[in-house]
Amino acid sequence: MIFANNFGPGIIPDILLQAAAIGTMALGATFIIATGGIDLSVGTGMTFCAVMAGVFMSSAFMNLPLGIGLLLTILVGIAIGLVNGFLIAYLDIPPFIATLAMMMVTRGLSLIISKSSSIKIENPDYSAISNGRILPFLSNAALIFVVLGIVAAFLLGKTLLGRYALAIGSNEEATRLSGINVRLWKMLVYVTAGIFTALGAILYSGRFGFVQPAEGLGMELQVIAAVVIGGTSLSGGRANIVGTMMGALLMMTLTVGLQMMGIPNQWQLVVTGVIVLLAVYADILRRKRSTAV
């Protein structure tokens, strides 16, 4: 009854605001999973980008202008994607191991650079990126998420990046034999995901106005769940950007609902883990049906 009373029309804009960061990161992860890869570093990578945004724009550090700080933050995301892509595409390190290592590296760097303390970003324009309202009924973060979803759908459906990502996921060897530089395009996929990770970091830290260096660990589960629930196959070769966006909204709606019901954080993690398992099993069933046809 309490849940029903709290869950009114006013909660919908809040869910959209909270889903924007996770959803943005999930858009980038969709390209990676479409190739048959995985990115376990997306959560801590987001935190590292947010910490660096604090370093660039906080008055306690470099205090750079907003535009320069945002550009440098995106470059940090690109650097994470480049390293991940190089390790996987050119050194043939399995994506699970490469991104697991990156998860630990970015988490450690976040704690070292911030000295394990939160970083406050006082710039009101930075906060307005997420919390402001160009449209009276929708936060800027939600609006940016929708625009980025349109961009991601265009990249997936209308550019070589999306087509080759799906081709690599469907049959990497056949794609290579057709003359496509699989290594290069696979690295570009991880760079693209790095850009979306940095944008997610901006939306996430801008919403609160400060950065907690210990955050981010565990967000990769929410991101992967959003992508798989949305219809992207973990085995690669099939992706759905709109589905990813709906998956992110579903995950955040569930999280908010559990919080309103007073479910402890520990049990929220249990529920998230179960959802990931169910999403993966649903993907297995989809593949079996498609194979049987």
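In this report, the structure presented in the accompanying data block is examined. (Residues numbered from 1 in each chain as written. Predicted model: local features only at pLDDT ≥ 70, side-chain atom pairs only at ≥ 80, totals over all residues. Heavy atoms only, no water.)

**Some remarks on the overall build of the chain**
So, step 1. Across its full length, the chain carries 13 helices and two strands.
So, step 2. A globule of 293 residues ought to have a C-alpha radius of gyration of about 19 Å, and the chain, at 19 Å, matches this closely.
So, step 3. Projected onto its principal axes, the C-alpha coordinates of the chain cover approximately 55 × 50 × 35 Å.
So, step 4. By residue count, 48% of the 293 residues in the chain fall in the buried class.
So, step 5. Across the chain, contacts joining residues at least 24 apart in sequence account for 77% of those joining residues at least 6 apart.
So, step 6. Accessible area of the chain: about 13,300 Å², with a carbon and sulfur share of 71%.
So, step 7. Side chains of the chain give 15 positive and 10 negative charges; the mean places of these two sets differ by 7 Å. (Helix = DSSP H or I, 4+ residues; strand = E, 2+ residues; numbered from the N terminus. Rg over C-alpha atoms; globule rule 2.2 N^0.38 Å. Buried < 20%, exposed > 50% of the residue type's maximum accessible area, 1.4 Å probe, protein only. Contact = heavy atoms within 4.5 Å. Areas by Shrake-Rupley, 256 points an atom, 1.4 Å probe, with all protein chains shown as cover. Lys, Arg positive; Asp, Glu negative; His and termini not counted. Charge placed at Lys NZ, Arg CZ, Asp CG, Glu CD.)

**Focus on a nonpolar patch on the surface**
So, step 1. Taken together, the side chains of Phe 86, Tyr 90, Leu 91, Leu 184 and Leu 188 make up a nonpolar region of the molecular surface, amounting to roughly 400 Å² of accessible area.
So, step 2. By the element assignment, Leu 184 lies in helix H10 (residues 182–208).
So, step 3. Leu 184 sits in the partly exposed class, given a relative accessible area of 32%. (Patch = residues over 30% accessible without salt bridge, like charges linked within 9 Å, V, L, I, M, F, W, Y side chains within 5 Å. Salt bridge = Lys/Arg side-chain N within 4 Å of Asp/Glu carboxyl O.)

**Brief notes about unusual backbone geometry**
So, step 1. Although it is not a glycine, Asn 63 adopts a positive phi angle of roughly 55°.
So, step 2. Taking relative accessible area as the criterion, Asn 63 reaches 47% and is therefore assigned partly exposed.
So, step 3. Phi is positive for Lys 115, which is not a glycine, with a value near 55°.
So, step 4. By the secondary structure assignment, Lys 115 is in the loop between helix H5 (95–114) and strand S1 (119–120).

**Quick look at the packing of aromatic side chains**
So, step 1. Overall, the coordinates contain four aromatic pairs when judged by the stated rule.
So, step 2. Here the aromatic rings of Phe 86 and Tyr 90 are separated by 5.8 Å at their centres, their planes lie at 25°, and the arrangement is stacked.
So, step 3. The partly exposed category is assigned to Phe 86, whose relative accessible area is 41%.
So, step 4. Judged by its relative accessible area of 32%, Tyr 90 is partly exposed.
So, step 5. For the ring pair Phe 208 and Phe 210, a centre distance of 6.2 Å and an interplane angle of 55° mean the geometry is tilted.
So, step 6. For Phe 210, a relative accessible area of 34% translates into the label partly exposed. (Phe/Tyr/Trp six-rings, centres within 6.5 Å; stacked < 30°, edge-to-face > 60°.)

**Some points on the side chain of Thr 192**
So, step 1. With respect to the element layout, Thr 192 can be found in helix H10.
So, step 2. Only 2.9 Å separates the side chain of Thr 192 from the backbone oxygen of Leu 188, close enough to count as a polar contact. (Polar contact = N/O pair within 3.5 Å; in protein donor to acceptor, adjacent residues only side chain to side chain.)

**Looking at the nonpolar core**
When a protein is soluble and globular, its nonpolar side chains tend to lie buried together.
So, step 1. Among the nonpolar cores identified, the biggest contains 76 residues, and Leu 27 and Tyr 126 are the most heavily contacted of them.
So, step 2. Broken down by element, this core gets its largest block of residues, 14 residues, from helix H2 (residues 11–34).
So, step 3. Beyond its immediate sequence surroundings of up to four residues, Tyr 126 is in contact with Ala 53, Met 57, Leu 66, Leu 70, Ile 121, Ala 201, Ile 202, Ser 205 and Gly 206. (Core = buried A, V, L, I, M, F, W, Y, C linked by side-chain atoms within 4.5 Å.)

**Considerations on the pattern of salt bridges**
So, step 1. The final tally for this structure, using the stated rule, is four salt bridges.
So, step 2. Arg 176 serves as the salt-bridge partner of Glu 172, at 3.1 Å between the closest nitrogen and oxygen. With a gap of four residues between them, Glu 172 and Arg 176 both fall in helix H9 (residues 172–177), about one helical turn apart.
So, step 3. You can call Glu 172 partly exposed: its relative accessible area is 26%.

**Here's the deal with the environment of Gln 259**
So, step 1. Summarising the element assignment, Gln 259 is placed in helix H12 (residues 241–260).
So, step 2. You can call Gln 259 partly exposed: its relative accessible area is 44%.

**Focus: H10**
So, step 1. Helix length check: H10 (27 residues) gives 40 Å between terminal C-alpha atoms against 39 Å at 1.5 Å per residue, within 8%.
So, step 2. Of all the 27 residues making up H10, 20 are buried; the element is thus mostly covered by neighbouring parts of the structure.
So, step 3. Among the residues trailing H10, Gly 209 stands out with phi positive, at a value near 85°. (Expected span 1.5 Å × (residues − 1).)

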